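# Commentary on secondary and tertiary structure
Listed below are the residues making up each chain.
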Amino acid sequence: MLEADVAIVGAGAAGLSLAHRLAGPGSGPRPPSVALLEAPPGPLRPPRRTWCFWEAGPGRFDAAVTASWRRLRVRDRAGRSIDGDIAPLRYKMIRSDDFEHLVARDLAGQDGVRRVEGTVDTVEDVPGGALVRLRDGDGNPRAVHARWVFDSRPPSSLPAARTTLLQHFHGWFVRTARPAFAPGTAELMDFRTPQPADGLSFGYVLPLGRHDALVEYTEFSPRPLTPDAYEAAVRHYTDDVLRLGDLEVLSTETGVIPMTDAVLPRRTGQSVFRIGAAGGATRPATGYTFAGLQRQTRAVAAALRAGRRPAPPPAHSARSRAMDAVLLRALAGGRADGPALFCRLFDRVPMRRLLRFLDGDTRLHEDLAVGLHAPVGPMLRSALELPGLPRRPYEGPPRP
């Protein structure tokens, strides 16, 4: 049996971030011993993907940042652009492969870190901590005993909620024959895409150079598309909307992010906690997760260094979650025109302030000022409706 102070289940963004904070640069003179448990190659491993977030100044993971932008753009359905300078913030993109390499480099040679490959079966409280039972690649049973366990695996099902939408997307890393992109500006939401009957859609363009970019098609709706439908949607956006001309698809990414007002438990035992998306790090109204899980893992590392119970804090305030619940209800119920709502907010609220609002970094009077630029009638009706709505188990979307 392997003994450790901390066991981290899962080596995605949350698990790697916590390991880096506990045993990487700046972890202090006596970092805890860490067992990082990662799934073997196969379907249980997180797929390659990108994570985006915004922050001011240099950040802990800048060495893994692929690109960053200080200007953002939103386009309405007619193509009118809304541009904003978000300085001193930067919108940053990290590719998961680069993040994994950074963490592996910084943890290399750390005697207190053990990486264990295997499929976790159970996590249970035992005297003095928790026990993780797993099977290695050959099917042999193994066990890890730790004082604290942090589980970042996606939950097998979502808790009951009043509203659950899905943010689902498919993107291409492309290289064009002609110079087609403006490297200084990221296209955050381009609503010149065909709008679905029961949600909203938009294009998303992160330029990496004059010829290179990540181009994605994104929907907020109840169910994902088929693989062929995603390919057709991205092709329509690149060919008919952006008119990129000849291009080469270098790689692709696909993802589904729940947007829900469900309460995700951050503690599942006396010594067992959930972190990352599994622990509520995703902002319900936007799908952004990376910044929220950094707040969680930073707080956990600080608590361990101080000898306190390392319970992950909520990644988003109660006020933020309440506002998100209202927005999700308005979108899911068809009361709010999603493209018009988001364009109005970006048009009337300075982008830097709006990003701070989306990150929960604004005061009550600033939140109210932002809220006044949303359609008051639909939002008020949705807010009044919420207390009477039951929370129902989420059975998941039909298979595409």
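A few points on the structure. Being a predicted model, the structure only gives us computed values, none of them experimental. Along each chain, numbering runs from 1 in the same order as the chain's sequence is written. Owing to the predicted nature of the model, reporting of local features is limited to residues with pLDDT of at least 70; listing and counting of side-chain atom pairs is limited to 80 or more, with chain, interface and lining totals taken over all residues. Computation of side-chain values: all heavy atoms of the structure, hydrogens and water removed.

### Quick word on the packing of helix H1 (residues 13-23) against helix H4 (residues 290-306)
For any two helices packed against each other, one specifies the crossing angle of their axes together with the interaxial distance. Under the convention used in this document: Angles run from 0 to 180 degrees between N-to-C directions of axes, and those axes are lines fitted to C-alpha atoms, restricted for helices to the stretch in contact. Secondary structure is summarised from DSSP: a helix means a run of H or I of at least four residues, a strand means a run of E of at least two, and numbering begins at the N terminus for each. Less than a right angle of anticlockwise turn of the near helix away from the far helix marks a crossing as left-handed, whereas a clockwise turn marks it as right-handed. When checking whether two residues touch, look at their non-hydrogen atoms; a contact exists if any pair is within 4.5 Å. Three categories are distinguished: nonpolar for Ala, Val, Leu, Ile, Met, Phe, Trp, Tyr, Cys and Pro, charged for Asp, Glu, Lys and Arg, and polar for the others, with Gly belonging to the last.
Packing of H1 against H4 brings their axes to within 9 Å, and their N-to-C directions diverge by 35 degrees. The two elements H1 and H4 cross, and the hand of that crossing is right-handed. Across from Ala13, Ala14, Ser17, Leu18, Arg21 and Leu22 in H1, the residues of H4 making contact are Phe290, Leu293, Gln294, Thr297, Arg298, Val300, Ala301, Leu304 and Arg305. Tallied by class, the residues present in the contact of H1 with H4 amount to nine nonpolar, three polar and three charged.

### Structural notes on the packing of aromatic side chains
Cut-off, in case you're wondering: What counts as a ring pair is set by centres within 6.5 Å for rings of Phe, Tyr and Trp (its six-membered ring), and what kind of pair is set by the plane angle: stacked under 30 degrees, edge-to-face over 60, tilted for all other angles. Partly exposed describes any residue whose relative accessible area lies between the buried limit of under 20% and the exposed limit of over 50%, with all areas from a 1.4 Å probe on protein chains only and scaled to the type maximum. Whether a charge sits over a ring depends on NZ of Lys or CZ of Arg being within 6 Å of the ring centre and within 35 degrees of the ring normal.
Counted under the stated rule, the structure contains 15 aromatic pairs. An angle of 75 degrees between the planes, with centres 6.3 Å apart, marks the rings of Phe61 and Phe290 as edge-to-face. Placement of the pair is Phe61 in the loop between strand S3 (50-56) and strand S4 (65-69) and Phe290 in helix H4, with a sequence separation of 229 residues. Phe290 shares its class with Phe61; the two are buried. Where Phe191 meets Phe202, the ring centres are 5.9 Å apart and the plane angle is 70 degrees; that geometry is what we call edge-to-face. Taken as a pair, Phe191 in the loop between strand S13 (185-190) and strand S14 (200-207) and Phe202 in strand S14 lie far apart in primary sequence, eleven residues in all. Look at Phe191 and you get buried, because its relative accessible area is 1%. You can call Phe202 buried: its relative accessible area is 6%. Members of the aromatic cluster, each reached through a chain of ring pairs, are Trp51, Phe53, Phe61, Phe99 and Phe290. The ring of Phe173 is capped by Arg95, whose NZ or CZ atom sits 3.8 Å from the centre of that ring.

### Focus on the nonpolar core
Here is the rule we go by: Among buried residues, the Ala, Val, Leu, Ile, Met, Phe, Trp, Tyr and Cys ones that are joined through side-chain atoms within 4.5 Å form a nonpolar core.
Judged by nonpolar contacts, the single largest core of 47 residues is most densely connected at Tyr91 and Leu206. It is helix H5 (residues 318-332) that provides the largest number of residues to this core, a total of six residues. If we skip the residues at most four places from it in the chain, Tyr91 touches Cys52, Phe53, Trp54, Ala67, Ser68, Trp69, Leu72, Ile86, Leu188, Tyr204, Leu206 and Tyr288. Ala14, Leu16, Val34 and Phe99 belong to the second largest nonpolar core, which has 33 residues in total.

### A short note on the pairing of strand S15 (residues 212-221)
Here is the rule: Strands are labelled as partners when DSSP assigns at least two bridges between them.
Most of S15 sits out of view: ten of its ten residues are buried. Burial along S15 is two-sided: the face carrying Asp212, Leu214, Glu216, Thr218 and Phe220 and the face carrying Ala213, Val215, Tyr217, Glu219 and Ser221 are both buried. The pairing of S14 with S15 spans eight bridges and is classified as antiparallel. Opposite Val205, over in S15, you have Val215 as the bridge partner.

### Observations regarding unusual backbone geometry
That bond from Ala87 to Pro88 is cis: its omega, 10 degrees, falls within 30 degrees of zero. Take Pro88: it is sitting in the loop between strand S6 (81-85) and strand S7 (89-95). In this structure, Arg243 takes a positive phi of about 50 degrees despite not being glycine.

### Brief notes about the environment of Arg210
Operational definition: In the analysis that follows, any N or O atom pair within 3.5 Å is treated as a polar contact, provided that within protein one partner can donate a hydrogen and the other can accept it, and provided that, for residues neighboring in sequence, both atoms belong to side chains.
Relative to the assigned elements, Arg210 resides in the loop between S14 and S15. For Arg210, a relative accessible area of 46% corresponds to the partly exposed category. Separated by 185 residues in the primary sequence, Arg210 and Pro25 have C-alpha atoms spaced 35 Å apart. Apart from residues lying up to four places away in sequence, Arg210 is in contact with Thr176, Arg178, Pro179, Ala180, Phe181, Ala182 and Pro183. At a separation of 3.1 Å, a polar atom in the side chain of Arg210 contacts the main-chain carbonyl oxygen of Phe181.

### Concerning a nonpolar patch on the surface
Spelled out, the test is: Patches here are clusters of residues that have more than 30% relative accessible area and form no salt bridge, with a 9 Å joining cutoff for like charges and a 5 Å cutoff for nonpolar side chains (Val, Leu, Ile, Met, Phe, Trp, Tyr). In this description, accessible areas are obtained by the Shrake-Rupley approach with a 1.4 Å probe, and a residue is regarded as covered only by the protein chains that are shown. Salt bridge, as used here, is a side-chain nitrogen of Lys or Arg placed within 4 Å of a carboxyl oxygen of Asp or Glu.
There is a patch of nonpolar side chains on the surface, built from Leu372, Val376, Leu380 and Leu384 and spanning about 440 Å² of accessible area. Along the chain, Val376 falls in helix H9 (residues 376-385). Looking at Val376, the relative accessible area reads 48%, which means it is partly exposed.

### Considering the environment of Thr163
On the secondary structure map, Thr163 appears in the loop between strand S11 (141-151) and strand S12 (164-176). Residue classification places Thr163 among the buried positions, given a relative accessible area of 4%. Along the backbone, Thr163 and Pro222 are 59 residues apart, and their C-alpha atoms lie at a distance of 9.9 Å. Sequence-distant contacts of Thr163, that is, excluding residues within four places in its chain, are made with Met259, Thr260, Asp261, Leu328, Arg329 and Ala332.

### Brief notes about the sheet that holds strand S5 (residues 71-75)
The strand order S6-S5-S13-S14-S15-S12-S16 describes an open sheet built from seven strands, whose pairing is mixed. Either end of the sheet is taken by a strand with one partner, and the two such strands are S6 and strand S16 (247-260). If you compare each strand with its neighbour and ignore which way they point, the axes differ by 15 degrees on average. Packing against the sheet, helix H3 (residues 227-241) makes contact with S12, S13, S14, S15 and S16, and its axis sits at approximately 55 degrees to S12. Of the strands in this sheet, S12, S14 and S16 are in contact with H5, which crosses S12 at around 85 degrees.

Note that all results are geometric; they support no functional claim without further evidence.
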